[in-house]
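Summary of structural features
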Amino acid sequence: MNSGRPPATWEAGQAGAVPSQPGTSAAPSLPPLSTPSGPPMAVAGPSTPVLAAPPPIPGDTQELPPELVAQGWRRLWSRRENRHYFWNHLTNQSLWDLPPLHGGRQQFDPVSDPLGIMGQPGHPGQGLKRRASEEFGGPVTKRIPIVHGPWDLEIPTNAVIFERPPITTPHPHPDIEIMRAQLTNKLRQTYQELCHSREGVDAPVGSFSRWLMERKVIDSGTDRLLPSLCYPEISMSMYREIMNDLPMKLVKPKFTGEARKQLSRYCEAAKKMIESRTASPESRKIVKWNVEDTFQWLRRTVGASFDDFQERLQHLKRQCQPQITEAAKQSVEAICLKVYNLSADYAKKIHEKHWELLKEHNITEIHTSLTVENPRKVWCFPIQYALPSPRLPQIEYLQDKETMMLRYKGEALKINTLYLQKLEQLYRYSCIEDRKLDSFLTRVWCMLKRYNTFWAATGGGETSATQATQAALPLTVLECLHKNFGVTFELFASPLNCYFRQYCSAFPDTDGYFGSRGMVLDFKPTHGSFEANPPFCEELMEACVTHFERLLSQTAEPLSFVVFFPEWRDPAPAALSQLEGSRWNRRQIALPAFEHHYRHGFQHVVSSGCGLYVPAAVVLAAPSYLRPSDPLDPLRPSPADSPERADSTMRSGNGTVVVWLQNDAGHARWAPTKERVDALADAFRPNKERQRDRQDLLSPGRRESGSAGEHAPPAAAPAAGAPGPAPAAAVSPPGPPAPGQTPSVPPAVSAAPPSTGQPRPDVVSA
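Let me begin by describing the structure that accompanies this report.

Attention now moves to the overall build of the protein chain. In terms of helices and strands, the protein chain carries 18 helices and 20 strands. Split into buried and exposed, the 766 residues of the protein chain put 53% on the buried side. As presented, the protein chain carries roughly 34500 Å² of accessible surface, and 53% of it is formed by carbon and sulfur atoms.

With that out of the way, let us pick up the packing of aromatic side chains. Under the definition given, this model contains 24 aromatic pairs. With a centroid separation of 5.5 Å and an interplanar angle of 40°, the aromatic rings of Phe208 and Trp211 are classed as tilted. Placement of the pair is Phe208 and Trp211 together in helix H3 (residues 207–216), with a separation of three residues, close to one helical turn. Trp211 carries the same exposure label as Phe208, and that label is buried. Grouping aromatic residues by their ring pairs yields a cluster made of Tyr385, Tyr427, Phe440, Tyr513 and Phe514. In this structure, Arg164 is placed above the aromatic ring of Phe381, and the distance from its NZ or CZ to the ring centre is 5.4 Å. Its guanidinium or amino end placed over the ring of Trp584, Arg583 lies 4.2 Å from that ring's centre, counting from NZ or CZ.

For the rest of this paragraph, the subject is the sheet that holds strand S10 (residues 396–400). Spatial ordering of the open sheet is given by S10-S11-S12, a layout of three strands whose pairing is antiparallel. Each edge of the open sheet carries a strand with a single partner, namely S10 and strand S12 (411–416). Taking each pair of neighbouring strands and ignoring which way they run, the sheet shows an average axis angle of 20°. Inspection of the sheet shows strand S11 (residues 403–408) paired to S12 by six bridges, in the antiparallel sense. For Met405, the partnering residue across the bridge sits in S12 and is Lys414.

Here we take up the packing of helix H4 (residues 236–244) against helix H7 (residues 306–359). Relative to each other, H4 and H7 sit at 135°, their axes nearing to 8 Å. Our classification of the angle between H4 and H7 gives oblique. Regarding H4 and H7, the two cross each other, and that crossing is right-handed. In this structure, H4 uses Met238, Tyr239, Ile242, Met243 and Asn244 to contact H7, whose residues at the interface are Lys317, Gln321, Thr325, Ala328, Lys329, Val332, Glu333, Ile335, Cys336 and Val339. Its residues placed into classes, the contact of H4 with H7 shows nine nonpolar, three polar and three charged.

Quick look at the nonpolar core now. Counting residues in hydrophobic clusters, the biggest one holds 145 residues, and the most contacted among them are Leu481, Leu491, Phe514 and Phe561. Take this core: its biggest share by element is 17 residues, from H7. If we ignore the near neighbours within four places in the chain, the residues touching Leu491 are Cys504, Val520, Phe523, Phe530, Glu531, Ala532, Phe548 and Phe561.

Moving on: helix H8 (residues 417–430). Look at H8: 20 Å from first C-alpha to last across 14 residues, which is about the 20 Å you get at 1.5 Å a residue. Counted residue by residue, H8 has 10 buried out of 14 residues, so it is predominantly covered. Listed in full, the buried residues belonging to H8 are Thr417, Tyr419, Leu420, Lys422, Leu423, Gln425, Leu426, Tyr427, Tyr429 and Ser430. Buried residues along H8 sit in contact with S10, S11, S12 and helix H9 (440–455).

The next thing to look at is the pattern of salt bridges. Counting across every chain of the model gives 25 salt bridges. Through salt bridges with shared partners, one network takes in Glu177, Arg180, Asp223, Arg450 and Asp509.

Another aspect to go through is the pairing of strand S4 (residues 73–78). Burial analysis of S4 places five of its six residues in the buried class, the great majority of the element. Taking the residues that link successive antiparallel strands as the turn, the S4-strand S5 (residues 83–88) hairpin has four residues, and the phi of Asn82 there is positive, at about 55°.

Pairing in this open sheet of three strands is antiparallel, and the strands run S4-S5-S6 from one edge to the other. A strand with exactly one partner marks an edge of an open sheet, and here the two such strands are S4 and strand S6 (93–95). Strand-to-strand twist across the sheet, computed as the mean angle between neighbouring axes with direction ignored, equals 30°. The pairing of S4 with S5 spans six bridges and is antiparallel. Following the sheet pairing, Trp73 is matched in S5 by Asn88.

Moving on to the state of the cysteines. Considering all chains together, one arrives at zero disulfides under this definition. Between Cys336, a free cysteine, and Cys195, which holds the nearest cysteine sulfur, the sulfur-to-sulfur gap is 8.0 Å. Take Cys537: it sits in no disulfide, and the sulfur closest to it among the cysteines is that of Cys544, at 9.2 Å.

At the junction of Tyr231 and Pro232, the peptide bond is cis and its omega measures out at 0° in the coordinates. Along the chain, Pro232 falls in the loop between H3 and H4. For the bond running from Leu246 to Pro247, omega is 0°, close enough to zero to count as cis. Its place among the elements puts Pro247 in the loop between H4 and helix H5 (256–276). Despite not being glycine, Asn362 shows a phi value in the positive range, around 60°. In this structure, Asn362 sits in the loop between H7 and strand S8 (371–372). Under the relative-accessibility criterion, Asn362 is labelled exposed at 72%. Positive phi, close to 60°, is recorded for Lys401, a residue that is not glycine. In this structure, Lys401 sits in the loop between S10 and S11. On the accessibility criterion, Lys401 (74% relative accessible area) is exposed.

On to the pairing of strand S16 (residues 585–591), then. Taken across its seven residues, S16 has seven buried, putting it largely inside the fold. Sheet analysis places S16 next to strand S19 (residues 656–662), joined by six bridges and oriented antiparallel. Looking across to S19, one finds that Gln588 is bridged to Val659.

Position of Gln588 relative to the elements: it lies in strand S16. Polar contacts involving the side chain of Gln588 include one to the side chain of Glu580, which spans 3.3 Å. At 2.9 Å, the side chain of Gln588 and the side chain of Asn585 are in polar contact.

Each value, and the rule that gives it
- Numbering of residues begins from 1 in every chain and follows the order in which that chain's sequence is written.
- Since the coordinates come from a predicted model, pLDDT governs what is reported: local features require at least 70, and pairs of side-chain atoms require 80 or more to be given and counted, while whole-chain, interface and lining totals use all residues.
- Hydrogens and waters are ignored; side-chain quantities use all the structure's heavy atoms.
- Helix numbers and strand numbers start at the N terminus; a helix is a DSSP run of H or I with at least 4 residues, a strand a run of E with at least 2.
- Burial classification: accessible surface area is computed with a 1.4 Å probe over protein chains only, and a residue below 20% of its type maximum counts as buried, one above 50% as exposed, and the rest as partly exposed.
- Computed by Shrake-Rupley with a 1.4 Å probe, the accessible areas treat only the displayed protein chains as cover when residues are assessed.
- Ring geometry is summarised as follows: Phe, Tyr and Trp rings, the Trp one being its six-membered ring, pair when their centres sit within 6.5 Å, and such pairs are stacked at plane angles under 30 degrees, edge-to-face over 60 and tilted between the two.
- For a lysine, the NZ atom is tested; for an arginine, the CZ atom; a charge sits over a ring if that atom is within 6 Å of the ring centre and within 35 degrees of the ring normal.
- One bridge is not enough; two strands pair if DSSP finds at least two bridges between them.
- To obtain an axis, a line is fitted to C-alpha atoms, over the contacting stretch when the element is a helix, and the angle between two such axes runs from 0 to 180 degrees between their N-to-C directions.
- Throughout this description, any angle smaller than 35 degrees is read as roughly parallel, any larger than 145 degrees as roughly antiparallel, any in the 65 to 115 degree range as roughly perpendicular, and the remainder as oblique.
- Crossing handedness follows the turn of the near helix against the far one: under a right angle anticlockwise gives a left-handed crossing, and clockwise gives a right-handed one.
- Should any heavy atoms of two residues lie within 4.5 Å, those residues are counted as being in contact.
- Each residue gets one label: Ala, Val, Leu, Ile, Met, Phe, Trp, Tyr, Cys and Pro are nonpolar, Asp, Glu, Lys and Arg are charged, and the others, such as Gly, are polar.
- The criterion is simple. A nonpolar core is a set of buried Ala, Val, Leu, Ile, Met, Phe, Trp, Tyr and Cys residues joined through side-chain atoms within 4.5 Å.
- Working rule for helices: expected span equals 1.5 Å times residues minus one.
- Salt bridges, as used here, are contacts in which a Lys or Arg side-chain nitrogen is within 4 Å of a carboxyl oxygen on Asp or Glu.
- Criterion for a disulfide: a pair of cysteine sulfur atoms at a distance within 2.5 Å.
- Between N or O atoms, a polar contact is any pair within 3.5 Å; within protein, one atom must be a potential hydrogen donor and the other a potential acceptor, and residues adjacent in sequence are included only when both atoms are from side chains.

Right under this line is the structure:
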């Protein structure tokens, strides 16, 4: 059961290898899938020489009349239906019955239909269509209505991938999402209770959500949210964040008196912990000596300044932290292991409950891996599902002015009407089998419930921290990236905050209906220009840099990644150091803190055109040991401050590093020249400052100033090999339809290649 549009083939010619865009007649569906008993082997694409003869057209012509053979008809065998069907390789039309012989007779009414273009599938003399494609670009193609907002869903993609099999993950169900939310919230509460009872501190803000992201980098379990099969089982991310808050959580005081009290409380907490834990005599001696020395300094020092107390606290922490870490190591590791084991147990319960529900609909689990035989290069297409969808329950809805309430079994979720219309447009593009939108609201509810569960959308500091994982680049930046660097794809987005209709997201099973191409670490393009703004998780950031470098080294076609990382320098994480030292680093700039902004993470639930109280989410999203010492105060942006009234923005409390990772072909096509880089830096600035600079530009004697610091990266090593011709794609017929179903090809929105400001080769059409 497919919910994405069938991919278009990547044709090879003497002038260069280019894929056929969706919407042309050379767009066969996926080739047959094989299910080996063991893990699938990597199969390279065909390597037909450029000057070789074209591949033969598949099909049997022995039992067909010569007239039908001359018209392009072939007889093929459907392995799924165990019957023959007929396919026209010229028009890409497929029928179950033998095509009729025209014999010179008119098959249309010359009075009502003189051109013969109004024939219906059920008209006498016509066979039953195997696919209701109605031919790409035909007059019966229904155009999808365009919804205007802070996005541009009409931009086609320039990303090319090898064909991939459908996912075997079952379709989401509202009852299962409710169960997953309950167990996840229970696990989150257990984590808080373990930290409070065993260590005497609250769970670090946002650490649970970062733990979910960090575990998913190495998790190979069955659940899309809860980790269940990870090695090592103890998360170093969670371990470091808990250790950083021992023996007590430190905050930046506002007054000198508060700094003195915090220093005194830290001394008492350190002494109490080292006495109550199993520690070596040497560790006890070091901690007690430093604590007594600090108490004596407090008693004899009069009139100490704010900085004196802060310096003394940092000195005491440097001396005592290694001893405290050694004493609390076993206890903290036990907390991390307990949380993981509970997560694996909950994921198993969800899996069993889900398949118990699906078996009631006669849906069986696929235990083998699906592979694509002889994968071809195609334009990237949404996630497809190997399993059929069960009958989904109905969702109650109530519209209240600009918002829509979706409710199922007492669970009410809110979304702005404008964003619901955006989801409908994405759904029409990607979910072809549900043309009547019978399951649309149910799938929207499942997607919202999944993200609300991840955000911990129940209020509190956890919500403020996790909402920054959904913060997106400003519209002006995305427009600039598309105009100057050919970007048409977001590698970290969701159906709620995406700007393009093609993107990667965290939950492919719920987001695939709305255009998601899967998780970023599973997405392997060979051509295209991409934007990457990952959440603030060190392990995920480091894995992404490694993934990008591997992709750049495996292709000689134009490939470019514009990466946005937070500028953490004290200490600098390994991901940032790896990114800046990459051999593919063509250029990088640094945007200062408080001088650029991002779009809010909850833009789909805030009222459009009104002021919004925005917490310091961008700063809080970082781990506590990487946050700046002075957190960002909450801001209240005005509607006039933002160029898009339907989009709330917030200033970033961290600096941002922008790095261009490109191979030689990508650098030649989307080079980060000074003019393009300056335009991007200017697009990041708040609207008022850009308007002020435009006014100053008209006045004489305007002083030149740089908006972003530039750093020259090390010389990049040349990419391996020059771009060569792509393997020839064999002409293959579309697959047979599902039993009792007549699948349809999505309406062609744009058959032209993406407009990136650079010359593109012509699209090969049939």
